[in-house]
Amino acid sequence: MTIQHKDNGKKGEFYLEINTNKMASMTYSYAGDDKIIIDHTEVDPSLKGQGVGYKLVEASVNYAREQGLKIMPLCPFANAVFKKKTEYIDVLF
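Residues numbered from 1 in each chain as written. Predicted model: local features only at pLDDT ≥ 70, side-chain atom pairs only at ≥ 80, totals over all residues. Heavy atoms only, no water.

S.K.: Talk me through the packing of helix α1 (residues 52–67) against helix α2 (residues 76–84); I want residue IDs and the actual numbers.
M.R.: Orientation of α1 relative to α2, taken along the N-to-C sense of each, is 75°, at an axis distance of 10 Å. Classified by the interaxial angle, the pair formed by α1 and α2 is roughly perpendicular. Between α1 and α2, the residues in contact are Gly53, Tyr54, Val57 and Val61 and Phe77, Ala78, Val81, Phe82 and Lys84, respectively. The residue inventory of the contact of α1 with α2, partitioned by class, reads 7 nonpolar, 1 polar and 1 charged. (Axes fitted to C-alpha atoms, helices over the stretch in contact; angles between N-to-C directions. Helix = DSSP H or I, 4+ residues; strand = E, 2+ residues; numbered from the N terminus. Parallel < 35°, antiparallel > 145°, perpendicular 65-115°, else oblique. Contact = heavy atoms within 4.5 Å. Nonpolar A, V, L, I, M, F, W, Y, C, P; charged D, E, K, R; others polar.)

Below you can see the structure in the form of structure tokens.
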């Protein structure tokens, strides 16, 4: 499972494509130069229970660490993951 990423400098998305179909997505927008706000996560029901949502959040955390960013998880799913995964506290805004 390879999570892909696109970013235009104002907004971005981590996503999973299967056979050219986008099956999962987590979107974010920038809030200044050093913070991103995760605003939405969606996973196709056919992937339920496979940890895809967690993989999307993990990809955002890795990206934030690489870029020196903080994350504000406004999306309820992402927020719940941040509360469970204390190892992500270093990027939490």
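What follows picks up the thread again.
S.K.: Please provide a residue-by-residue account of the environment of Lys70, values included.
M.R.: Of note, Lys70 is situated in strand β5 (residues 70–73). Looking at Lys70, the relative accessible area reads 33%, which means it is partly exposed. In the structure, Lys70 is positioned 39 residues away from Ala31 in sequence and 9.7 Å away in space, judged by C-alpha atoms. For Lys70, the residues in contact, after removing those within four places along its chain, are Asp34, Lys35, Ile36, Asp90, Val91, Leu92 and Phe93. Looking at Lys70, its side chain comes within polar contact range of the main-chain oxygen of Asp90, at 2.5 Å. (Buried < 20%, exposed > 50% of the residue type's maximum accessible area, 1.4 Å probe, protein only. Polar contact = N/O pair within 3.5 Å; in protein donor to acceptor, adjacent residues only side chain to side chain.)

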